[in-house]
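Geometric and topological summary
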Amino acid sequence: MARIIDGKLVSQAVKDGVKEQVSLLNSKGVSVTLAVIIVGDDPASRIYVNNKKKACEATGIISREYALPADTSLEELLALIEKLNNDSEVNGILCQLPLPEGLDEKAVITAISPEKDVDAFNAVNTGHIMIGDYTFLPCTPAGITEMLDYYDIPVRGKHCVVIGRSNIVGKPMAMLLLKRDGTVTICHSKTENLADITRQADILVAAVGRAKFVSADMVKEGAVVIDVGMNRDADGKLCGDVDFEAVEKKASFITPVPGGVGPMTIATLMKNTVIAAKLQNGLL
Ligand code: NAP
C-alpha cells in the first residue's frame, strides 16, 4: 500500500516559510502585492482565484482582484496589464486561464512583464527554465519537486516518465526532473505503446486531464505516482488522472486528488510573489 504524499501538509510548510519572508520584508518597509485578473465567469476559474486570494491572506501578501466581464476586448485586457506592469506597488501579476474564447492567451502571457510573471508562463521565464537558470519557478512542477524533497524521494538516476507536454505542466516538469539528474521520458497523445513506457517509470507524473486515465497495469510495482489531473468523474466528483484506489495498492508513494498537487501549485505561486518583491526591491 502506497504512502500518501500529503500536499496540504507540505504546502502549509511552504506557506509558513512565505509568511516569515513576507513579515521580514514588511519589517523593512516592503509590502508584497499580487494582482489577479479574472475574465468572465467560469466557475472553476472563480474557485482557483478565490483559493489564491485565501493563500495571499494566509501569508500576508496583499491581493488585488481585477474581475473583468467575459466580453472584455484584448486591447482592454492588455491595457490593464500594461498599467499593472507600470504600477510599482504591484509585484506579481497573474491572469487566470483559460480566457474566454476569442482572447489570445499567448498575447496576454507575453504582455506580462517577465519580472512580474509569477506563474512563469512568459517565454522569457520558460526559456530560463529550459536552461536551468531561473528566478521564477514553474508553479505546478516546482510544487511537485518540493513534495518529492519533503518525502526524501530521490530523482537522480531514476527513470521519470511525464505524461503530458503542455507548456505549463508537462514540459517544465520534465525540465525540473532533468535538472535533478532524472532520466526523463515525455509522453503525449501520439505516444505509441504508452503503458510499456509508463511501466518503466520509477517516478510517474500524470498531467493528462482525463479522469482515472492511469490504471494499475500502467504502473510499476513500487513506483512514485504524482497525479496532476483535476477532473470530474461521472458523478461530478473531483478526481485526478490516476485510478487512485487501484494504483495505491501498487505504488510506493502517491498523491491524492484533492489534497495533492493542487495546494502545492498555489504555495509556489506565493513563493514566486515574494521572489518578485525581492527582485524589484534589489533584495535578491
Ligand atoms: P493540456 O494542456 O490539455 O495537456 C494535456 C496533455 O496530455 C497533452 O500534452 C496531451 O497530448 C496529453 N494527452 C492527452 N490525451 C492523452 C493520451 N490519451 N495519452 C497520452 N497523453 C495524452 O493540460 P494541462 O494544462 O497540462 O493540464 C493537465 C491536467 O492537469 C488537467 O486536468 C488540469 O486541470 C490539471 N492541472 C492541475 C494543476 C494543479 O495545480 N493541480 C495545474 C495545472 C493543470 P498532446 O500534446 O499530444 O495533445
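Residues numbered from 1 in each chain as written. Predicted model: local features only at pLDDT ≥ 70, side-chain atom pairs only at ≥ 80, totals over all residues. Heavy atoms only, no water.

**Details of the sheet that holds strand S3 (residues 62-68)**
Strand pairing within a sheet occurs via backbone hydrogen bonds; the two strands may be parallel or antiparallel. Pairing is parallel in the open sheet, where three strands are placed in the order S3-S2-S4. Strands at the two margins of the open sheet, each flanked by one partner only, are S3 and strand S4 (92-95). Adjacent strand axes in the sheet meet at a mean angle of 15° when their direction is disregarded. (Pairing = 2+ DSSP bridges. Helix = DSSP H or I, 4+ residues; strand = E, 2+ residues; numbered from the N terminus. Axes fitted to C-alpha atoms, helices over the stretch in contact; angles between N-to-C directions.)

**Looking at helix H1 (residues 7-27)**
Compared with an ideal rise of 1.5 Å per residue, which puts 21 residues at 30 Å, H1 spans 30 Å between its outermost C-alpha atoms and is within 8% of the ideal. All buried positions along H1 are accounted for by Gly7, Val10, Ser11, Val14, Lys15, Val18, Val22 and Leu25. Across the axial projection of H1, the buried residues extend over an arc of 130°, all falling on one side. Among the exposed residues of H1, those oriented more than 90 degrees off its buried face are Glu20, Leu24 and Ser27. If you follow the buried residues of H1, they end up packed against helix H2 (43-59), helix H6 (139-150) and helix H10 (261-280). Where H1 starts, the residue carrying a side-chain oxygen 3.0 Å from the main-chain nitrogen of Lys8 turns out to be Asp6. Just downstream of H1, Gly29 is the residue with a positive phi angle, here 85°. (Expected span 1.5 Å × (residues − 1). Buried < 20%, exposed > 50% of the residue type's maximum accessible area, 1.4 Å probe, protein only. Arc of directions from axis to C-beta. Contact = heavy atoms within 4.5 Å. Polar contact = N/O pair within 3.5 Å; in protein donor to acceptor, adjacent residues only side chain to side chain.)

**A word on empty space enclosed by the protein**
Applying the stated rule across the entire model yields one cavity of 30 Å³ or more. Estimated volume of the largest cavity: approximately 70 Å³. If you trace the largest cavity, you find it lined by Ile93, Leu94, Cys95, Leu97, Val108, Ile109, Ile112, Asp117, Asp119 and Phe121. Elements with a contribution of two residues or more to the lining of the largest cavity: S4 and helix H4 (105-111). Among the elements that take part in the lining of the largest cavity, S4 stands out by supplying three residues, more than any other. (1 Å grid on protein atoms, 1.4 Å probe; cavity = no way out; pocket = protein on both sides within 12 Å on 5 of 7 lines; lining within 4 Å. Points joined across faces, edges and corners; volume = space filled by probe spheres on them.)

**Describing the site of the ligand**
In the vicinity of the ligand, 22 residues are found, and the nearest of them are Arg165, Ser166, Ser189, Val228 and Thr265. A distance of 2.5 Å is found between an oxygen atom of the ligand and a side-chain nitrogen or oxygen belonging to Ser189. One of the side-chain N or O atoms of Thr265 is found 2.7 Å from an oxygen atom in the ligand. With the chains in place, 72% of the 930 Å² that the ligand exposes on its own is no longer accessible. The class makeup of the residues in the shell around the ligand is 10 nonpolar, 10 polar and two charged. (Near = heavy atom within 4 Å. Areas by Shrake-Rupley, 256 points an atom, 1.4 Å probe, with all protein chains shown as cover. Nonpolar A, V, L, I, M, F, W, Y, C, P; charged D, E, K, R; others polar.)

**Focus: the domain arrangement of the protein chain**
Domain boundaries assigned for the protein chain yield domain 1 (29-113) and domain 2 (139-262). Each of domain 1 and domain 2 was reduced to a C-alpha centroid, and the two centroids are 28 Å apart. (Domains from an automatic or database assignment.)

**Comments concerning a nonpolar patch on the surface**
A surface patch of nonpolar side chains, amounting to about 260 Å² of accessible area, comprises Ile47, Tyr48 and Met230. Topologically, Met230 is positioned in the loop between strand S8 (224-227) and strand S9 (231-232). Judged by relative accessible area, which is 40%, Met230 ranks as partly exposed. (Patch = residues over 30% accessible without salt bridge, like charges linked within 9 Å, V, L, I, M, F, W, Y side chains within 5 Å. Salt bridge = Lys/Arg side-chain N within 4 Å of Asp/Glu carboxyl O.)

**Brief notes about the sheet that holds strand S1 (residues 3-4)**
Strands sit in the order S1-S11-S8-S7-S5-S6 across an open sheet of six strands; the sheet is parallel. In the strand order of this sheet, the two ends are held by S1 and strand S6 (183-187), each with one partner. As paired elements, S8 and strand S11 (residues 253-254) share two bridges and run parallel to each other. Each bridged residue has a counterpart across the sheet, and for Val225 the counterpart in S11 is Ile254.

**Focus: H2**
Given 3.6 residues per helical turn, the α-helix brings residues three or four places apart onto the same face. Between its first and last C-alpha, H2 extends 25 Å over 17 residues, near the 24 Å set by a 1.5 Å rise per residue. Buried positions along H2 lie against H1, strand S2 (33-39), S3, S4 and H10. Where H2 ends, the next residue or the one after it, Gly60, has phi of about 90°, a positive value.

**Details of the pattern of salt bridges**
Two side chains that carry opposite charge are able to pair once their charged atoms sit near each other. Tallied over the entire structure, the rule returns nine salt bridges. Measuring nitrogen to oxygen at the nearest pair gives 2.6 Å for the salt bridge that ties Glu65 to Lys53. Residue Glu65 is located in strand S3, and its partner Lys53 is located in helix H2; the two are separated by 12 residues in the primary sequence. Using a relative accessible area of 24% as the deciding quantity, one classes Lys53 as partly exposed. For Asp149, the salt bridge is made with Arg180, and the minimal N-O distance between the two is 2.7 Å. Of the two residues, Asp149 sits in helix H6 while Arg180 sits in the loop between helix H7 (170-179) and S6, which places them 31 residues apart along the sequence. When its relative accessible area of 39% is taken as the criterion, Asp149 is described as partly exposed. Residue Arg180 is classed as partly exposed on the basis of its relative accessible area of 31%. One connected set of salt bridges, linked through shared partners, spans Arg46, Lys53 and Glu65.

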